Amino acid sequence: MSESTTAAPTTGRAPMTIRFWRAVALVMTLGGIAVVLSQVFLWNPFGPTMLTNQFLYVVLAFFLSQVFIYYRWRKPTKSAEVLAAEEHPDHVDPDHVHQDSTFAVPWWDALLFVGTAAMCLYLAVRAEDIVNLGWDVEAPTHIAVLSYLLWAVVLEALRRTAGLVVTLIALAFSLYPMVSASIPFPVLQGVQYDSTSAAVRHSLGVDSILGLPLQTAAVILVGFLIFGVTLQRIGGADFFVDVARAIFGRSRGGSAKVAVASSAGMGMMSGSAVSNVLTTGPMTIPAMKKAGYPKTYAAGIEATAAAGGSITPPIMGTAAFLMVSFLGIPYSEVAIAAAIPAFLYYLGIYIQVDAHAAGHNLRGEAKHLLPRMWPTVKAGWPYIFAIVLLTFLLVVRKDEAQAPFITVAAMLLIAFVRPADRLRLRGLRDIVVASGRAVAEITGIIAGVGLIVGGLSMSGVSLSLARELVAVVGDNVLLILVAGALTSFILGMGMTISAVYVFLAIVMTPALVALDVNPVAAHLFVIYWAAASYITPPVALAAFAAANIAKSHPMATGFMAMRLGAVKYIIPFCFALNPALVAQGSLGQIALSLVLAIVGVFVMASGFEGWMPFVERRLGIVTRLIAIGAGLCLLLPETTTHLAGVVVSVALAVFLRLRPPSQPTGSGGAELETEREDARATAVLA
């Protein structure tokens, strides 16, 4: 999902104006949700079910238009009120300040809002004519003009929500059909269109703005976004942090383990790396620094753990929902497939955190400072119930469109009748407004990403690119996996994960599947590597956000996050070669692969960190390399590599155990070690 949080500064407008735009956003969100509910549950109160294109135009009218309420044409300077709210959150209500600044809508954005809504509603009214009269091929003049306008509005909405780089990429791909026949390289040549035909196909056809990405977002993603917002707003974020503290707080390095566990919990709700950092980071990073972790290490832990949000079921990032359309499988299958890799990812971080704590003698928090487990669970049973209910509806009922709405209704009912922290009407209003913003942001991104799909589909280049990739690499699966990883990572520097995924799902994954890579594994491979950019310099958005909280060097934090998230770079190759790690195979194969993978991640993470927990010995350069190699062997599918990995891992553990005990850095030297590590990182990268 996009990480943009741009909001307009306050401009001295009257409170009535702010209240007016808040009310407009509220009404538009309620209208949009009502339309989606009617389509998902087949209520149809006003007649027959809407045509697909009609439904999508109505969704655009309600949500794409709201982009111009929430996002200004350029990133503004923060107002004094916003800065005060961030500096002294105990004295000022930051949500109130941010909402007031957001709803100061200038007149030009008000015109864009009204124009976008009116244009999309008009196209919805004429949706039947678009289909029956073939206007997506040749349209009347006024419809062609609207097509140009919608094309431009979608690009501007994409720029505001996802940034200039991804917008320029989408613009280039959307213009590509107008020059495709003139490209000097045969593999890139395709069907050519004039500008009007291209505009009509982009705005009225079923392969571009109204293509699979928007269809998936409108039917499935809206409900999950509302679920995530609701769960957070009624206290889910605090609950997961408290549970993590109750479980891990007293163990060695407990504050860092709390960061890992709480970020995993937040990932289930938001699917956004930067949002996870900004939500849990202000609590976990100061606690880690107080416990003796270097500020660079503390920020790196938070960023790495938060980056797992887009790959953590049951609510993953936007790209996971798009997989449903590309693969034609239920979302429950996608979530189940992603469960083992996500578990291994967080296990790797946890092992590294534990190893670092052991090597530096970092203790946990005092018992009296931590929440107690049973009272925490007892008080937070509605949040557990929500996750269980959603999982049940996804796995048993297999209705990913209706499941989040049913769960949200149950959560709101409980919140209204529950005596403790009862939800009031103002709280419900804030949930609706926050949901509207989240859906508007995703709609702006997904509609813009659709232009990439449209450009490739209209020109017919997507099929030829996949075919040529297979011809170039022959039958070398590893080579195309490396190429796919590099491409995903490079594109991820300037594009959202969903944009990268949509592009490579058309171009790269067919080539992987043609070389017998499991389709589910191929699609998840792209998502994992696109998400790697969030913790990898020079972009590393999650790492930079964590560095801002920790006051550490941003680039040093990015490299630290890379080291802590090293498992994330290896796991995708392993499940692409061993589909049992994405739950593709017999139960016996999946169970065996999982057990071996757990041992492999443990050994590999110990090698990355230089300390092996349980054995409690430090690893040198040679033994670290051996551990990483042995762990990798356990993650691969071959019996020979499994046996080699087991033998080497056991031999290494015995060898280390027979050595004299390693002396960790004492608690008295923790602060000195902290200063030295931060100084080294800053000196190298300054």
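Residues numbered from 1 in each chain as written. Predicted model: local features only at pLDDT ≥ 70, side-chain atom pairs only at ≥ 80, totals over all residues. Heavy atoms only, no water.

*Asks:* Teacher, can you tell me more about the overall build of the protein here?
*Replies:* Helix and strand counts for the protein stand at 33 helices and two strands. Taking the intrachain contacts of the protein between residues at least 6 apart in sequence as the baseline, contacts between residues at least 24 apart amount to 78%. Of the roughly 27300 Å² that the protein leaves accessible, carbon and sulfur atoms contribute 67%. (Helix = DSSP H or I, 4+ residues; strand = E, 2+ residues; numbered from the N terminus. Contact = heavy atoms within 4.5 Å. Areas by Shrake-Rupley, 256 points an atom, 1.4 Å probe, with all protein chains shown as cover.)

*Asks:* Explain the packing of aromatic side chains to me, please; I cannot follow it from the model alone.
*Replies:* In this description, an aromatic ring pair is defined by two values, namely the gap between the centres and the angle between the planes. For the structure on display, the rule yields 19 aromatic pairs. Centroid distance Phe224 to Phe321: 4.7 Å. Interplanar angle 55°. Geometry classified as tilted. With Phe224 in helix α11 (residues 212-233) and Phe321 in helix α16 (residues 318-327), this residue pair connects regions lying 97 residues apart in the sequence. By relative accessible area, which is 1% here, Phe224 ends up buried. On the numbers, 5.6 Å between centres and 20° between planes, the contact of Tyr293 with Tyr297 is stacked. By relative accessible area, which is 1% here, Tyr293 ends up buried. On the basis of relative accessible area, Tyr297 is assigned to the buried category, the value being 0%. A cation over an aromatic ring shows up here: Arg437 above the ring of Tyr71, its NZ or CZ 4.9 Å from the ring centre. Here the basic side chain of Lys568 rests over the ring of Tyr345, its NZ or CZ set 5.1 Å away from the ring centre. (Phe/Tyr/Trp six-rings, centres within 6.5 Å; stacked < 30°, edge-to-face > 60°. Buried < 20%, exposed > 50% of the residue type's maximum accessible area, 1.4 Å probe, protein only. Lys NZ or Arg CZ within 6 Å of the ring centre and 35° of its normal.)

*Asks:* Which parts of the structure should I look at to understand unusual backbone geometry?
*Replies:* Excluding glycine, residues mostly carry a negative phi; peptide bonds, for their part, are mostly trans. One non-glycine residue, Lys551, lies in the positive phi region at around 60°. Mapped onto the elements of the fold, Lys551 is located in the loop between α27 (541-550) and α28 (554-564). Of note in the backbone geometry, Glu616 takes a positive phi value of approximately 55° without being a glycine. Inspection of the secondary structure assignment puts Glu616 in the loop between β1 (611-612) and β2 (617-618). Classification of Glu616 by relative accessible area gives partly exposed; the value is 23%.

*Asks:* Looking at this structure, I do not really get the packing of helix α17 (residues 331-359) against helix α29 (residues 566-577). What am I missing?
*Replies:* When two helices pack together, their arrangement is given by the angle between the helix axes and the distance between those axes. Viewed as axis vectors pointing N to C, α17 and α29 meet at an angle of 150°, and their least axial separation amounts to 10 Å. Taken together, the axis directions place α17 and α29 in an arrangement best described as roughly antiparallel. In terms of crossing hand, the pair formed by α17 and α29 is right-handed. Contacts between α17 and α29 pair Pro341, Leu344, Tyr345 and Gly348 from the former with Val567, Lys568, Ile571 and Phe575 from the latter. A class-by-class count of the residues in the contact of α17 with α29 yields six nonpolar, one polar and one charged. (Axes fitted to C-alpha atoms, helices over the stretch in contact; angles between N-to-C directions. Parallel < 35°, antiparallel > 145°, perpendicular 65-115°, else oblique. Left-handed = near helix turned anticlockwise from the far one by under 90°. Nonpolar A, V, L, I, M, F, W, Y, C, P; charged D, E, K, R; others polar.)

*Asks:* I tried to follow the environment of Phe405 on my own but got confused; where do I start?
*Replies:* Mapped onto the elements, Phe405 comes out in helix α20 (residues 403-417). Owing to a relative accessible area of 9%, Phe405 belongs among the buried residues under this scheme. The contacts of Phe405, once residues within four sequence positions are left out, are Val36, Leu37, Val40, Phe41, Val222, Gly223 and Ile226.

*Asks:* Please explain the environment of Gly265 as it appears in this structure.
*Replies:* Structurally, the position occupied by Gly265 is in helix α13 (residues 254-270). Along the backbone, Gly265 and Phe240 are 25 residues apart, and their C-alpha atoms lie at a distance of 5.8 Å.

*Asks:* What should I look at first to understand the side chain of Gln39 in this one?
*Replies:* When you line up the elements, Gln39 lands in helix α1 (residues 15-41). Using a relative accessible area of 15% as the deciding quantity, one classes Gln39 as buried. A distance of 3.4 Å separates a polar side-chain atom of Gln39 from the backbone oxygen of Met50. With residues up to four places along the chain from it excluded, the contact list for Gln39 reads Thr49, Met50 and Phe55. (Polar contact = N/O pair within 3.5 Å; in protein donor to acceptor, adjacent residues only side chain to side chain.)

*Asks:* Where do I start with the pattern of salt bridges in this structure?
*Replies:* Between side chains of opposite charge, a pair can form when the charged atoms approach closely. A full pass over the atoms with the stated rule returns 10 salt bridges. Across the pair Asp109 and Arg160 runs a salt bridge whose closest N-O atoms are separated by 2.9 Å. Within this pair, whereas Asp109 is found in helix α6 (residues 107-125), its partner Arg160 is found in helix α8 (residues 141-162), the two being separated by 51 residues in sequence. As far as the burial class goes, Asp109 and Arg160 line up, both buried. (Salt bridge = Lys/Arg side-chain N within 4 Å of Asp/Glu carboxyl O.)

*Asks:* Is there a simple way to explain the state of the cysteines in this structure?
*Replies:* Here a disulfide denotes one covalent bond, and it connects the sulfur atoms of two cysteines. Applying the stated rule across the entire model yields zero disulfides. Left unpaired, Cys574 is separated from the closest cysteine sulfur, that of Cys633, by 9.9 Å. Of the residues examined, Cys574 reaches a relative accessible area of 1% and is grouped as buried. Look at Cys633 and you get partly exposed, because its relative accessible area is 23%. (Disulfide = S-S within 2.5 Å.)

*Asks:* Just to check I follow, could you spell out helix α26 (residues 519-531) for this structure?
*Replies:* Residues lying three or four places apart along an α-helix face the same way, a consequence of the helix completing one turn every 3.6 residues. Its 13 residues give α26 an end-to-end C-alpha distance of 19 Å, which sits within 8% of 18 Å, the value for a rise of 1.5 Å per residue. In terms of residue burial, α26 counts as a mostly covered element, since 12 of its 13 residues are buried. When we look at burial in α26, the residues that qualify are Val520, Ala521, Ala522, His523, Leu524, Phe525, Val526, Ile527, Tyr528, Trp529, Ala530 and Ala531. For α26, the N-terminal capping position is held by Asn518, with its side-chain oxygen 3.0 Å away from the main-chain nitrogen of Val520. (Expected span 1.5 Å × (residues − 1).)

*Asks:* Explanation requested: the side chain of Ser38 in the structure shown.
*Replies:* Topologically, Ser38 is positioned in helix α1. Beyond its immediate stretch of four places on either side in the chain, Ser38 contacts Trp43, Asn44 and Pro45.

*Asks:* Is there a simple way to explain the environment of Gly253 in this structure?
*Replies:* Within the secondary structure layout, Gly253 lies in the loop between α12 (236-248) and α13. The spacing of Gly253 and Asp354 is 101 residues in sequence and 6.3 Å in space, taken between C-alpha atoms. Setting aside residues no more than four positions away along its own chain, Gly253 makes contact with Tyr293, Val353, Ala357, Leu362, Arg363 and Gly364.

*Asks:* I'm lost on the nonpolar core in this one. Help?
*Replies:* Tyr293, Ile301, Tyr331 and Leu524 are the most contacted members of the largest nonpolar core, which totals 210 residues. Residue contributions to this core peak at 15 residues, all from α17. Once residues lying within four places of it in the same chain are set aside, the contact partners of Leu524 are Met316, Met323, Ala337, Ala338, Phe575 and Val582. (Core = buried A, V, L, I, M, F, W, Y, C linked by side-chain atoms within 4.5 Å.)

*Asks:* Where do I start with the confidence of the model for the protein in this structure?
*Replies:* Fine structural detail should not be taken from predicted coordinates in areas where pLDDT scores are low. Of all residues in the protein, 87% have pLDDT values of 70 or greater, and the mean over the chain is 83. Confidence drops under a pLDDT of 50 for residues 667-678, and excluding neighbours within four residues, the segment shows 19 contacts in the predicted structure. (pLDDT = per-residue confidence, 0-100.)

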